[in-house]
Amino acid sequence: MVKYSIGCGLFGGVYSGILRKDNTWRAKTLCTEEAIQAVIQHMMLEAGCEGKTKKRYSILTCDGRKVELQLTIKEKDMADSDKILKQKRGKDNDTRRK
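Computed from a predicted model, the values in this text were never measured in an experiment.

Definitions and cut-offs
- Residues numbered from 1 in each chain as written.
- Predicted model: local features only at pLDDT ≥ 70, side-chain atom pairs only at ≥ 80, totals over all residues.
- Heavy atoms only, no water.
- Helix = DSSP H or I, 4+ residues; strand = E, 2+ residues; numbered from the N terminus.
- Contact = heavy atoms within 4.5 Å.
- Phe/Tyr/Trp six-rings, centres within 6.5 Å; stacked < 30°, edge-to-face > 60°.
- Lys NZ or Arg CZ within 6 Å of the ring centre and 35° of its normal.
- Salt bridge = Lys/Arg side-chain N within 4 Å of Asp/Glu carboxyl O.
- Buried < 20%, exposed > 50% of the residue type's maximum accessible area, 1.4 Å probe, protein only.
- Pairing = 2+ DSSP bridges.
- Axes fitted to C-alpha atoms, helices over the stretch in contact; angles between N-to-C directions.

Focus on the side chain of serine 5
- Along the polypeptide, serine 5 turns up in strand 1 (residues 3-8).
- Excluding its chain neighbours within four sequence positions, the residues that come into contact with serine 5 are Tyr15, Ser16, Gly17, Leu19 and Trp25.

Here's what the structure looks like:
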């Protein structure tokens, strides 16, 4: 039976693909960005369903350390929105000059 899996590569990156019986990759695809986006969306949905603005997961490593992943949903800051608009306007002006 073919085992489809997702995991971290030896030198980083998240991969999805098919594992052989000896747990080596038969076929794999780099999907780091997609995996991160999926985790963020999952945590946002769970937090939203619970009426919260924070969601936290934690695991224990094999050497006993605790690793935490926390999502914090912040309201849109109008000052940040203004900065983004100014940056976009500046880029638009730069392209018009060329």
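Here the narrative resumes, following the displayed structure.
A look at the packing of aromatic side chains
- Under the definition given, this model contains 0 aromatic pairs.
- Here the guanidinium or amino end of lysine 28 rests over the ring plane of tyrosine 15, the centre of that ring lying 4.5 Å away.

Describing the environment of lysine 54
- Along the polypeptide, lysine 54 turns up in strand 4 (residues 54-60).
- Once the C-alpha coordinates of lysine 54 and methionine 43 are considered, the two residues, 11 residues apart in sequence, prove to be 8.6 Å apart.
- Those residues in contact with lysine 54 that lie beyond four places of it in its chain are Ala47, Gln70, Leu71 and Thr72.

What about the pattern of salt bridges?
- Counted by the stated rule, this structure contains 6 salt bridges.
- Lysine 52 is paired through a salt bridge with glutamate 50; the nearest N and O atoms lie 3.7 Å apart.
- Given the relative accessible area of 40%, glutamate 50 is considered partly exposed.
- A single salt-bridge network, built from bridges that share partners, covers Glu46, Glu50, Lys52 and Lys55.

As for the sheet that holds strand 1
- Sheet architecture is open: 3 strands sit in the order 1-2-3, paired in antiparallel fashion. This sheet does not close on itself; its edge strands, each paired only once, are strand 1 and strand 3 (25-30). Neighbour-to-neighbour, the strand axes of this sheet turn through a mean angle of 25 degrees, independent of strand direction.
- When strand 2 (residues 14-19) meets strand 3, the two strands line up antiparallel, connected through 5 bridges. Looking at the pairing, leucine 19 lines up with tryptophan 25 of strand 3.

Some remarks on the pairing of strand 4
- Of the pairings in the sheet, the one linking strand 4 to strand 5 (residues 66-72) comprises 7 bridges and is antiparallel in character. Bridge pairing in strand 5 links serine 58 to glutamate 68.
- Hairpin connection, strand 4 to strand 5: the antiparallel pair is bridged by 5 residues, and glycine 64 has positive phi, about 90 degrees.

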